[in-house]
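Residues per chain, in single letters:
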Amino acid sequence: MTVRTCAAVTALLVSAGCGASTTQEKPLPPVNVKAASMKDGFTNMERLVQSAQKEGALNVIGLSRDWVNYGEIIDTFADKYGIKVNELEPKASSAREIQAAAQLKPDVFDLTLDVAVAGAAGFAPYKVQDWQDLPDHVKDPKGAWYGAYGGYMSIGYDPRKVSAPASFADLARPGYTVALAGDPLKAASAFNGVMAASMRSGPPMPERGVDLFAKLKQSGRLTEPATANVVVDWDHLNAARAAENPEAWKVTIPRDAALGGYYVQAISKEAPHPAAARLWQEFIFSDEGQNLLQKGFARPARGEAMLMRGTLDTEQAAKLPVAPGPPLLLTIPQADAAKSYLKREWTHNVG
């Protein structure tokens, strides 16, 4: 080898005299499975995956497989990383998730915003790699909880039996048999349905919603979802039903009632599989995870950033119900005041 060739090789390989390198790689810091970010705890994704695979399992709670495509999401995560996912109480409400945590030991939670805020002391802070893409108003500054997906309250209806309602007020007209998705004193979906029915192009006034459903009850037109020709529910659930049978079900979001909501993710401080919990969050907030949520007709929290980067599944995005504008999100005080009102008035007026 010529001197010139040796010098060129030296420049590329940072070696001395074409011999062995004298540069030694700096050893990586030890893994900290309870760190507040991947970089601080694992240095890179590969080490996070290895740590999670050593734990071998992940405990999730309240994730119904037909809710925002969680069945496919769970199976994809399990197959991708070779980690067993234990599905605890799939039908548990957000409140029940927190209540059962001490006994069932979930690693991660999927919660309504109000429940997450109230339970933040029990969560382990962790900021996913794409933290900056998440809207500031749906994430805790310290990383205790953060919105993963959202949706609008909507009206699903059978077009073979009724015309498309332009507003919630239209439901008071003859012909509509209406159902909420549960008891508004217990179920978040039903509570938000009453709140959406309380809007008139502005903040909701809960007495309007109670009055509407009281009139439906008195006229014998407030019924169960199985027998109703109208169901008030999150748009991702009504859209999924419409996708299965578009001739028999359609969905609309009234122009004067763009009430939205986010579901947020959190890691338990007592997570038995802390590395797997953090890997789950990284997966949920990755482009792949967010697109899988959108496949379930949810609106991914990183959707705007992904659209700008060209990583959003725009074909699926086009299938989401048309929204009339930015969602109105209830503040915690607004939600608390409305719940107090419903506790006083719902049973008496609607039953």
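The structure we're discussing is the one just above.
Residues numbered from 1 in each chain as written. Predicted model: local features only at pLDDT ≥ 70, side-chain atom pairs only at ≥ 80, totals over all residues. Heavy atoms only, no water.

### Considerations on the overall build of the protein
Each helix and strand in the protein was counted, giving 14 helices and ten strands. Principal-axis analysis of the C-alpha atoms gives the protein an extent of 95 × 40 × 35 Å. Each of the 351 residues in the protein was classed as buried or not, and the buried ones make up 51%. Here the contacts in the protein between residues at least 6 apart in sequence split such that 71% fall between residues at least 24 apart. Carbon and sulfur atoms make up 54% of the accessible area of the protein, which amounts to about 16800 Å² in all. The average position of the 37 basic charges and that of the 38 acidic charges among the side chains of the protein differ by 2 Å. (Helix = DSSP H or I, 4+ residues; strand = E, 2+ residues; numbered from the N terminus. Buried < 20%, exposed > 50% of the residue type's maximum accessible area, 1.4 Å probe, protein only. Contact = heavy atoms within 4.5 Å. Areas by Shrake-Rupley, 256 points an atom, 1.4 Å probe, with all protein chains shown as cover. Lys, Arg positive; Asp, Glu negative; His and termini not counted. Charge placed at Lys NZ, Arg CZ, Asp CG, Glu CD.)

### Remarks on the pairing of strand S6 (residues 230–234)
Counting buried positions over the five residues of S6 gives five, a clear majority of the element. As paired elements, strand S5 (residues 178–180) and S6 share three bridges and run parallel to each other. Bridged to Leu180 within S6 is Val232. (Pairing = 2+ DSSP bridges.)

### Quick word on the layout of surface pockets
If you add up the space inside the second largest pocket, you get close to 500 Å³. Lining the second largest pocket are 21 residues, and of these Tyr262, Arg299, Pro300, Gly303 and Glu304 lie nearest its centre. Those elements that place two or more of their residues in the lining of the second largest pocket are strand S4 (146–157), strand S8 (259–267), strand S9 (299–300) and helix H12 (303–309). Broken down by class, the residue content of the lining of the second largest pocket amounts to eleven nonpolar, seven polar and three charged. (1 Å grid on protein atoms, 1.4 Å probe; cavity = no way out; pocket = protein on both sides within 12 Å on 5 of 7 lines; lining within 4 Å. Points joined across faces, edges and corners; volume = space filled by probe spheres on them. Nonpolar A, V, L, I, M, F, W, Y, C, P; charged D, E, K, R; others polar.)

### Examining the nonpolar core
Tyr70, Phe77, Tyr149, Phe168, Phe213 and Trp280 are the most contacted members of the largest nonpolar core, which has 76 residues in total. If one sorts the elements of this core by residue count, helix H10 (residues 274–284) sits on top with seven residues. Apart from residues no more than four positions distant in its own chain, Phe213 is found in contact with Val178, Leu180, Gly193, Val194, Ala197, Leu222, Trp346 and Val350. Counting residues in each nonpolar core, the second largest holds 14 residues, with Val115, Phe123, Trp145 and Ala266 among its members. (Core = buried A, V, L, I, M, F, W, Y, C linked by side-chain atoms within 4.5 Å.)

### A few points about the side chain of Asp170
Take Asp170: it is sitting in the loop between S4 and S5. Look at Asp170 and you get buried, because its relative accessible area is 17%. Setting aside residues up to four positions removed in sequence, Asp170 forms contacts with Pro165 and Tyr176.

### Observations concerning helix H11 (residues 287–295)
All of the buried residues in H11 are Gly289, Gln290, Asn291, Leu292, Leu293 and Gln294. For H11, the elements touching its buried residues are helix H4 (70–81), S4, H10, S9, H12 and helix H13 (314–317). Two residues or fewer after H11 comes Phe297, characterised by a positive phi angle close to 70°.

### Regarding the packing of helix H8 (residues 206–218) against helix H14 (residues 332–349)
As a packed pair, H8 and H14 sit with axes 10 Å apart at the nearest point and diverge in direction by 20°. Put simply, H8 runs roughly parallel to H14. The hand of the H8/H14 crossing is right-handed. Contacts between H8 and H14 involve Pro206, Glu207, Val210, Phe213 and Ala214 from the former and Ala338, Tyr341, Leu342, Glu345, Trp346 and Asn349 from the latter. When grouped by side-chain class, the residues that make up the contact of H8 with H14 number eight nonpolar, one polar and two charged. (Axes fitted to C-alpha atoms, helices over the stretch in contact; angles between N-to-C directions. Parallel < 35°, antiparallel > 145°, perpendicular 65-115°, else oblique. Left-handed = near helix turned anticlockwise from the far one by under 90°.)

### So, unusual backbone geometry
Backbone geometry places Val68, a non-glycine residue, at a positive phi of 45°. Mapped onto the elements of the fold, Val68 is located in the loop between strand S1 (57–61) and H4. Taking relative accessible area as the criterion, Val68 reaches 1% and is therefore assigned buried. The backbone of Glu89 shows a phi angle near 40°, a positive value even though the residue is not glycine. Locating Glu89 in the fold gives a position in the loop between strand S2 (84–88) and helix H5 (94–104). Taking the relative accessible area as the measure of exposure, Glu89 reaches 30% and is therefore partly exposed.

### Quick look at the side chain of Asp235
Tracing the backbone shows Asp235 in helix H9 (residues 235–244). Asp235 sits in the buried class, given a relative accessible area of 0%. A distance of 2.7 Å separates a polar atom in the side chain of Asp235 from a polar atom in the side chain of Arg299. Not counting the four nearest positions on each side in its chain, Asp235 is found in contact with Gly151, Tyr152, Ser154, Ile253, Arg299 and Pro321. (Polar contact = N/O pair within 3.5 Å; in protein donor to acceptor, adjacent residues only side chain to side chain.)

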